[in-house]
Amino acid sequence: MNRLKIVLGVTGASGAAIAVRIAQRLSEIESVELHLVLSPAAHRTLAHEAGAGALPSLLRLAARTYDHADIGAAIASGSFSTAGMIVAPCSMRSLAAISAGMADNLVVRAADVHLKERRRLVLMARETPLHLGHLRNMCAVTEMGAIIMPPVPAFYHRPESVSAIVDHLAARAIDLLALPITPQAMAWQGEDQKSS
């Protein structure tokens, strides 16, 4: 069976738990093969935000992991067919590099490949507040075909924990890849209106 290859890039912005949950969800889908690359700052953020065991757990979920500096890796080439890529969280540094085509590391190069090959690229850009440079970079990558999905929680499903918020964000990011799988996130069904 040909499995859908999904690339998950993890950078050093806050929100490491989202990356872990995306990897967990993707690893539970039989038709998906997870390819993982982490920036050096991501290692630090994972340890700080998710604990010492987060990195080994994340690495175990991937079918294949890549060194951040290995710009000759399989995912650095458009000839390596993938079904999409998520960068979660996406630091402003990584966003700027993707926007400018400065493919000096594997996260940025893999994202650049997804843009040039017209494949789905979801960037969970993480910063607040935003200055004009951030906004311009978001506009630029959107014009190139990327999808910007800041990890802004939804409350219509009435989450009762931080874990529920993280899970919903992970599910929405996966759904944005438009994979031929069952939707992951709970969809809004509309609000019952009482007639007056």
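See the structure shown above.
Residues numbered from 1 in each chain as written. Predicted model: local features only at pLDDT ≥ 70, side-chain atom pairs only at ≥ 80, totals over all residues. Heavy atoms only, no water.

A word on the overall build of the chain. For the chain, the helix and strand inventory stands at 7 helices and 6 strands. Listing each helix as α and each strand as β along the chain from the N terminus yields β-α-β-α-α-β-β-α-α-β-α-β-α. Over its C-alpha trace the chain gives a radius of gyration of 17 Å, about what one expects of a compact globule, namely 16 Å for 196 residues. Across its three principal axes, the chain shows a C-alpha extent of roughly 65 × 40 × 35 Å. Taking all 196 residues of the chain together, the buried fraction comes to 45%. Look at the contacts in the chain between residues 6 or more apart in sequence, and 76% of them connect residues 24 or more apart. (Helix = DSSP H or I, 4+ residues; strand = E, 2+ residues; numbered from the N terminus. Rg over C-alpha atoms; globule rule 2.2 N^0.38 Å. Buried < 20%, exposed > 50% of the residue type's maximum accessible area, 1.4 Å probe, protein only. Contact = heavy atoms within 4.5 Å.)

Between A88 and P89 the backbone carries a cis peptide bond, its omega angle lying at -15°. The topology assignment puts P89 in strand 4 (residues 84-90). Omega for the peptide link from T128 to P129 comes to -10°, which places this bond in the cis form. Residue placement: P129 occurs in the loop between strand 5 (121-125) and helix 6 (132-144). Despite not being glycine, R118 has its phi angle at roughly 60°, a positive value. In this fold, R118 is placed in the loop between helix 5 (106-116) and strand 5. In this structure R118 comes out as exposed when scored by relative accessible area, which is 70%. A positive phi angle is found at R158, which is not glycine, with a value near 55°. Mapped onto the elements, R158 comes out in the loop between strand 6 (147-148) and helix 7 (162-175).

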